[in-house]
Amino acid sequence: SIIMHKVIFSDAGKRNVMDIRSYDNKDRWIVSIDLKKGTVRELVHQHDEAWIGGPGISSWNMLSGTLGWIDNHTFFYQSETTGYSHLYSHDLDNSKTTALTSGNWEVHDVQLSKDKTKFFITANKTHPGDRGFYHLIIKDKKLIPILTKPGNHEVSISPDEKTLAVRYSFKNKPWEAY
């Protein structure tokens, strides 16, 4: 049994991707659908006898994960292929998958900037219990720390992407808004 998540179209509307999961959480496919021919093309397949899941990864209970378009030929998604949830891009023109982040830490939240040159990322790069906020420059995969004080930063980005609303806590300090 499988669960199919929503189809996500590129800005030009000519390409699409969809995340499909098995109910037993052992398989995940990212596919593209040719709507004229009614055919499905597998782009990414993951199989794990233990479990496929983690931050930013879709699940059987209809929670959609990180999946979107950088441009009209490259989509991005999260995967725990390395054992940690990281951000990847996949170029449909050359079928090349690129790791955008890597290491012994996990990406928890991802938002693509309006100009599509960077991602806004929340990750536990400094400590498993912390959530720092970073910019990831897509072109050179440079991760720029923005908020890395120990603790948890929940960040909302203003529509013009110039201001942040931050809810912050630490293990001995309750949530505060900044």
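How each quantity is defined
Residues numbered from 1 in each chain as written. Predicted model: local features only at pLDDT ≥ 70, side-chain atom pairs only at ≥ 80, totals over all residues. Heavy atoms only, no water. Core = buried A, V, L, I, M, F, W, Y, C linked by side-chain atoms within 4.5 Å. Buried < 20%, exposed > 50% of the residue type's maximum accessible area, 1.4 Å probe, protein only. Helix = DSSP H or I, 4+ residues; strand = E, 2+ residues; numbered from the N terminus. Contact = heavy atoms within 4.5 Å. Patch = residues over 30% accessible without salt bridge, like charges linked within 9 Å, V, L, I, M, F, W, Y side chains within 5 Å. Areas by Shrake-Rupley, 256 points an atom, 1.4 Å probe, with all protein chains shown as cover. Salt bridge = Lys/Arg side-chain N within 4 Å of Asp/Glu carboxyl O. Pairing = 2+ DSSP bridges.

Visitor: Please explain the nonpolar core as it appears in this structure.
Guide: The nonpolar side chains of soluble globular proteins are, as a tendency, buried together. In terms of nonpolar packing, the biggest core is built from 13 residues, with Phe 76, Leu 87, Phe 119, Ile 121 and Leu 136 touching the most fellow members. If you list the elements that add at least two residues to this core, you get strand E10 (107-112), strand E11 (118-123) and strand E12 (132-137). The leading source of residues in this core is E11, at three residues. If near-sequence neighbours (up to four positions away) are discounted, Leu 136 is found in contact with Leu 87, Leu 100, Thr 101, Thr 117, Lys 118, Phe 119, Ile 121, Lys 141, Lys 142 and Leu 143. Counting residues in hydrophobic clusters, the runner-up holds eleven residues, among them Leu 43, Phe 75, Tyr 88 and Leu 92.

Visitor: How should I be thinking about a nonpolar patch on the surface in this particular structure?
Guide: Side chains of Val 7, Phe 9 and Leu 35 sit close together on the surface and give an oily, nonpolar patch of about 280 Å² of accessible area. Of note, Leu 35 is situated in the loop between strand E4 (27-34) and strand E5 (39-47).

Visitor: I would appreciate a short explanation of the pairing of strand E6 (residues 67-71) in the present structure.
Guide: The side chains of a regular strand alternate, first on one face of the sheet and then on the other. Across the five residues of E6, four count as buried, placing the element largely inside the fold. Strand direction decides the pairing type here: E6 and strand E7 (residues 74-79), joined by four bridges, are antiparallel. From the neighbouring strand, Leu 67 faces E7, where its bridge partner is Tyr 77. Between the antiparallel neighbours E6 and E7 lie two residues.

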